[in-house]
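Working through the structure, step by step
For reference, the chains in residue letters:
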Amino acid sequence: MRLSRYFLPTLRENPAEAQIVSHRLMLRAGLVRQSAAGIYSWLPLGLKVLRNIEKIVREEQNRAGAIELLMPTIQSADLWRESGRYEAYGKEMLRITDRHEREMLFGPTNEELITAIVRDSIKTYRDLPRNLYHIQWKFRDEVRPRFGVMRGREFLMKDAYSFDIDKEGARRAYEKMFVAYLRTYARMGLKAIPMAADTGPIGGDMSHEFIILADTGESAVFCHKDLVDYDILGTEVDFDASLTPIIDRWTGLYAATDEKHDAARFDAEVPADKQIAARGIEVGHIFYFGTKYSKPMGAVVAGPNGESIELEMGSYGIGVSRLMGAIIEASHDDAGIVWPESVAPFKLGLVNLKAGDAAVDAASAKLYAALEAAGVETLYDDTDERAGAKFATMDLIGLPWQVHVGPRGVARGVAEIKNRKTGERTEVALDEVVARFAAA
RNA sequence: CGGGGCGUAGCUCAGCCUGGUAGAGCGCUUGCUUUGGGAGCAAGAAGUCGCAAGUUCGAAUCUUGUCGCCCCGACCA
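Parameters at a glance
- Residues numbered from 1 in each chain as written.
- Chains lettered and ligands numbered in written order.
- Predicted model: local features only at pLDDT ≥ 70, side-chain atom pairs only at ≥ 80, totals over all residues.
- Heavy atoms only, no water.
- Helix = DSSP H or I, 4+ residues; strand = E, 2+ residues; numbered from the N terminus.
- Contact = heavy atoms within 4.5 Å.
- Salt bridge = Lys/Arg side-chain N within 4 Å of Asp/Glu carboxyl O.
- Buried < 20%, exposed > 50% of the residue type's maximum accessible area, 1.4 Å probe, protein only.
- Expected span 1.5 Å × (residues − 1).
- Arc of directions from axis to C-beta.
- Polar contact = N/O pair within 3.5 Å; in protein donor to acceptor, adjacent residues only side chain to side chain.
- Axes fitted to C-alpha atoms, helices over the stretch in contact; angles between N-to-C directions.
- Parallel < 35°, antiparallel > 145°, perpendicular 65-115°, else oblique.
- Left-handed = near helix turned anticlockwise from the far one by under 90°.
- Nonpolar A, V, L, I, M, F, W, Y, C, P; charged D, E, K, R; others polar.
- Pairing = 2+ DSSP bridges.
- Near = heavy atom within 4 Å.

Along the polypeptide, G148 turns up in the loop between β7 (130-139) and β8 (154-164). For the pair G148 and N110, spaced 38 residues apart in sequence, the C-alpha to C-alpha distance is 24 Å. With residues up to four places along the chain from it excluded, the contact list for G148 reads H23 and Y40.

Written out as structure tokens, the structure is:
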């Protein structure tokens, strides 16, 4: 993409309304614009990142055997009356009346809808288990939206719902999602730590929040230091085999949010030098909730002996839009964002340091064409800004790699490659630049 | 929902207390000079001062109401 033809409105100064770093950088780097409290437009660069995050989430859901569908944003109130949540959900639910005076709502979550779909379509235990998910916009009318997309009212969420005929099946479904979540966050360069969460009336040990350690996190968290170094991507995972050993490893060390925190147990189980007391951002939450919805909504299947079995369910959420803020919180410096390659909007930024200079223009254009041809996603800054301004913009938007093409280098047949994360710069011959990135 | 703060040019803000021709920096446009880490000079465009009512000869400024946004707390299947 040529920057001169793109839409990338960056800001030099920090907008007054943005207090935390991810919010400031998202506005400054031209990723989003606020439209109302807790409601954002996604500008081209932000949308590319959002799609990249979605892609990783989708790939890991599919790998774990979940099946994608898409449910609407607007739902009928009647459905929510079946589960009893229409009254219970309170003012966080945005209620809408259509032209026929029918009561509708903008979905804050989809347990009712997916339960109705499965109830009406699956009649026998032979068609189970199933895990269905979608990635769709939600709306929760938060009392106090804040922190940009981290706590917006409209937000993009991946929510999966598992259906099994017994609790043992539900546990397997839960464990698959648990591992899928670990892989998902790890692929985005995040250290997400599963922490025991409140299970509500169901009880048991099957509810975890996935927390990223960050100073600006909304909740206080406590955990064993070693958890931070655990690596799931180095582990071979067979989703058809038992995942219990992996779960046991990740849940074997102390980790809890402040609601579940037990100071005495923390001190007893975790040596003082291994104790972490920090703040965290919740980027996922998984639940087992049994027949909470299937029972009131009559979601049953015929069992092997013809008996009626109420479906055992779980739900599994990842805040896709929130993840963008979380990634920035976890990966930035004074100059701007530092995108992990897996979610970066472009792999590299090609900087023409002296637009208008025939030799530099020619070398840059040639390089750009070659990079595009090689399938390397490139943002080519061909504008006539000064070099300093271009560097500042590139650092701000945080592409993993920069290639600087200027008169000094071109005269010697070289370009400078800069690693955004380390700041390291190396000179590479102009005709070797493409191979350097196409191979990686 | 309790408490606090802020709405003036695209952005960051001054002016308001003490009413009297609406300002600065950045950004934007044009020209010249520049050109490897957010250039310099010159000229220029750009704001019904959130909205409404009131007080007044006169309101960005005072009063009341209202809307919006931000922060702290409570809340957050």
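Our next topic: the pattern of salt bridges. Opposite charge on two side chains makes pairing possible when the charged atoms of those side chains draw close. Enumeration according to the criterion identifies 31 salt bridges in this entry. Its salt-bridge partner being E59, residue K55 comes within 3.0 Å of it at the nearest N-O pair. Separated by four residues within a single helix, K55 and E59 lie in helix α2 (residues 44-63), roughly one turn from each other. By relative accessible area, which is 29% here, E59 ends up partly exposed. Here the salt bridges share partners, and the residues they tie into one network are K55, E59, E60, R63, R183 and R187.

Between its first and last C-alpha, helix α12 (residues 358-373) extends 22 Å over 16 residues, near the 22 Å set by a 1.5 Å rise per residue. Residues of α12 that are buried: V360, A363, S364, L367, Y368 and L371. Projected onto a plane normal to the axis of α12, the buried residues spread over an arc of 135° and lie on a single side. Exposed positions of α12 whose direction lies more than 90 degrees from the buried face are A358, K366 and A373. Where α12 starts, the residue carrying a side-chain oxygen 3.0 Å from the main-chain nitrogen of A359 turns out to be D357. Of the residues one or two after α12, G375 is the one with positive phi, at around 80°.

This part is about the packing of helix α6 (residues 167-187) against helix α8 (residues 244-251). Relative to each other, α6 and α8 sit at 60°, their axes nearing to 10 Å. The orientation of α6 with respect to α8, classified from their angle, is oblique. Note that α6 runs across α8; the crossing there is left-handed. The residues of α8 that touch α6, namely those facing E175, F178, V179 and L182, are T244, I246, I247, W250 and T251. In the contact of α6 with α8, the residues fall into six nonpolar, two polar and one charged.

A separate point is the side chain of H134. Along the chain, H134 turns up in strand β7. Owing to a relative accessible area of 0%, H134 belongs among the buried residues under this scheme. Of note is the side chain of H134, whose polar atom sits 3.5 Å from the side chain of N110.

Burial analysis of strand β10 (residues 207-213) places six of its seven residues in the buried class, the great majority of the element. Pairing of strand β9 (residues 192-196) with β10 involves five bridges; the strand directions are antiparallel. Its bridge partner being in β10, A192 is matched across the sheet by I212.

Taken together, 37 residues lie around RNA strand B, and R12, R151, F287, D395 and R425 are the ones closest in. Sugar and phosphate atoms constitute 43% of the interface atoms of RNA strand B, taking the interface as everything within 4 Å of the protein. Between a phosphate oxygen of RNA strand B and a main-chain N or O atom of A16, the distance comes to 2.7 Å. Listing elements by their share of the surface near RNA strand B, those giving two or more residues are β1 (32-36), α13 (387-397), α14 (407-412) and β22 (414-419). With seven residues, the top contributor of residues to the surface near RNA strand B is α13.

That's the geometry; what it means functionally is another story.
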